[in-house]
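Structural description and commentary
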Amino acid sequence: MNDRYTMLDSSGSASLRTRLRACRSFLLTPGSHPERFPGARMGDGIIVDLESSVAPADKDRAREAALAFFRQPPEADFVRILRINSPRSVEGLRDLLALHEVGGPDALIIPKCQSADEIGLVADVLDSACSTIEIIPMVELARAVFVAHHIANAHERVCGLFLGGGDLAADLGAEGSWENLLFGRSCVVAAAATTGIAAIDVPYFKGDEAGLKFEASASRKLGMTGKASLHAEELETINAIFTPSPVDAVPHARAVMNARAAAGTGTPVLNGHVIEPAMIREAERVLAIADRPRKN
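Residues numbered from 1 in each chain as written. Predicted model: local features only at pLDDT ≥ 70, side-chain atom pairs only at ≥ 80, totals over all residues. Heavy atoms only, no water.

**Focus: the overall build of the chain**
Helix and strand counts for the chain come out as 12 helices and 10 strands. Considering only C-alpha atoms, the chain reaches an extent of 60 × 45 × 35 Å along its principal axes. The buried share among the 296 residues of the chain stands at 51%. Long-range contacts, defined here as pairs at least 24 residues apart, represent 69% of the contacts in the chain between residues at least 6 apart. (Helix = DSSP H or I, 4+ residues; strand = E, 2+ residues; numbered from the N terminus. Buried < 20%, exposed > 50% of the residue type's maximum accessible area, 1.4 Å probe, protein only. Contact = heavy atoms within 4.5 Å.)

Have a look at this one:
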């Protein structure tokens, strides 16, 4: 079985790919504002940003604040991610060098990723440091949409894809509504599914709760596994929408996994139907969410 589908890492703990697929919400917050970091614990993960939300004059200060945060001991059921500057830029190379020296997050996000070669470059740097940090490419340019499956399959360190809706809308010359970005979202979901990794949706930018609920619900139904937010107060709403139903989804997932266990090395069957690998992967995601300690 491909390592990408392995549920456990070498220590017997859940792999980052498994953990990330079970993350419903992420606070995306500037590294230059570390006072906002604690609010992320209302969700399942944090994305500390060194890129577009940080002014050029604040890059060094944001990097130091982020690294100080990532030096803290990790927490169970909470994923810590760093969005670096583009590795094609001087600031991005400085970000990678800093990680090379001190380690830190569970994963890093490559903004405006355009090719598998770009991921290979970052992976080589991480390999040279014997780092365990994994990679989440951002799909936020039109050309990236059309090679999303190549990006998802670029390297074994790739553990998720993150849709960058604001930049994608600008690149397309489109308004950033959910419907206008449906094709891009669909490509991200499909590409992530080819390797069994997370598909993370763009934050909702308009600030009204009704719009947030509509967009988050539509994205979850499409197949997104989680959603980022710019505001800690939105995390509870996103968590609720991305939490599987305890009435039908969770019992079905348990039935799938029980059937798989009962089949041993044979083909698992439930209610007369063969259980496909994708069904098992989804059941694993559902139960990882259902069985985690409840935050909200």
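**Points about the sheet that holds strand β2 (residues 45-49)**
Strand order in this closed barrel of eight strands is β1-β2-β3-β4-β5-β6-β7-β8, and the pairing throughout is parallel. Across the sheet, the axes of successive neighbouring strands diverge by a mean angle of 25°, strand direction being ignored. Sheet strands in contact with helix α8 (residues 182-195) are β5 (134-139), β6 (160-163), β7 (198-201) and β8 (226-229), and its direction is about 175° off that of β6. The strands touched by helix α10 (residues 235-242) within the sheet are β1 (25-30) and β8, with β8 carrying the most contacts at an inclination of about 170°. (Pairing = 2+ DSSP bridges. Axes fitted to C-alpha atoms, helices over the stretch in contact; angles between N-to-C directions.)

**As for the pairing of β2**
β2 sits mainly inside the fold: five of its five residues count as buried. The two faces of β2 match: G45, I47 and D49 on one face and I46 and V48 on the other face are all buried. The pairing of β1 with β2 spans five bridges and is classified as parallel. For F26, the partnering residue across the bridge sits in β2 and is G45. The pairing of β2 with strand β3 (residues 79-83) spans five bridges and is classified as parallel. Bridge pairing links V48 to L82 in β3.

**Some remarks on the packing of aromatic side chains**
Two numbers describe a pair of aromatic rings. These are the distance of the centres and the angle of the planes. Scanning all chains against the criterion turns up four aromatic pairs. Within the aromatic cluster, the residues linked to one another by ring pairs are F37, F69 and F70. Positioned over the ring face of F78 is R41, at 5.6 Å from the centre of the ring. When the ring centre of F69 is taken as origin, the NZ or CZ atom of R80, which lies over that ring, is 5.7 Å away. (Phe/Tyr/Trp six-rings, centres within 6.5 Å; stacked < 30°, edge-to-face > 60°. Lys NZ or Arg CZ within 6 Å of the ring centre and 35° of its normal.)

**Topic: the pattern of salt bridges**
Under the definition given, this model contains 25 salt bridges. Note that R185 is salt-bridged to D201, the shortest N-O span being 2.8 Å. A residue pair is termed long-range when its members are at least 10 positions apart, and R185 in helix α8 and D201 in strand β7 qualify at 16 residues. In this pair, the class of R185 matches that of D201, namely buried. For D291, the salt bridge is made with R254, and the minimal N-O distance between the two is 2.7 Å. (Salt bridge = Lys/Arg side-chain N within 4 Å of Asp/Glu carboxyl O.)

**Let's talk about the side chain of E118**
As for its placement among the helices and strands, E118 is situated in helix α4 (residues 116-128). Here the side chain of E118 touches R88 through a polar contact of 2.6 Å, side chain to side chain. (Polar contact = N/O pair within 3.5 Å; in protein donor to acceptor, adjacent residues only side chain to side chain.)

**Some details on the nonpolar core**
Soluble, globular proteins show a tendency: their nonpolar side chains are buried together. Counting residues in each nonpolar core, the largest one holds 56 residues, and the members touching the most others are V48, L82, L108, I135 and L161. When sequence neighbours within four positions are dropped, the list of residues in contact with L108 reads I81, L82, I84, L96, L99, V122, L126, I133, E134, I135 and I136. Ranked by size, the runner-up nonpolar core spans 17 residues in total, among them V79, I81, I136 and M138. (Core = buried A, V, L, I, M, F, W, Y, C linked by side-chain atoms within 4.5 Å.)

**Some points on helix α7 (residues 165-172)**
Along α7, the residues that are buried comprise G165, L168 and A169. On an axial view of α7, the arc spanned by its buried residues comes to 100°, and they lie on one face. Turning to α7, the residues buried within the fold contact α5 (142-145), β6 and α8. With its phi angle positive at about 70°, G173 sits one or two positions after the end of α7. (Arc of directions from axis to C-beta.)

**Considerations on the packing of helix α11 (residues 249-263) against helix α12 (residues 277-290)**
Following both chains from N to C, one finds α11 and α12 inclined at 125°, their axes separated by 9 Å at the closest point. By the angle between their directions, the pair α11 and α12 is classed as oblique. In this structure, the crossing between α11 and α12 has a hand that is left-handed. Of α12, the residues touching α11 (which contributes A249, V250, A253, R254, V256, M257 and R260) are M279, I280, A283, E284, V286, L287 and A290. Its residues assigned to classes, the contact of α11 with α12 shows 11 nonpolar, no polar and three charged. (Parallel < 35°, antiparallel > 145°, perpendicular 65-115°, else oblique. Left-handed = near helix turned anticlockwise from the far one by under 90°. Nonpolar A, V, L, I, M, F, W, Y, C, P; charged D, E, K, R; others polar.)

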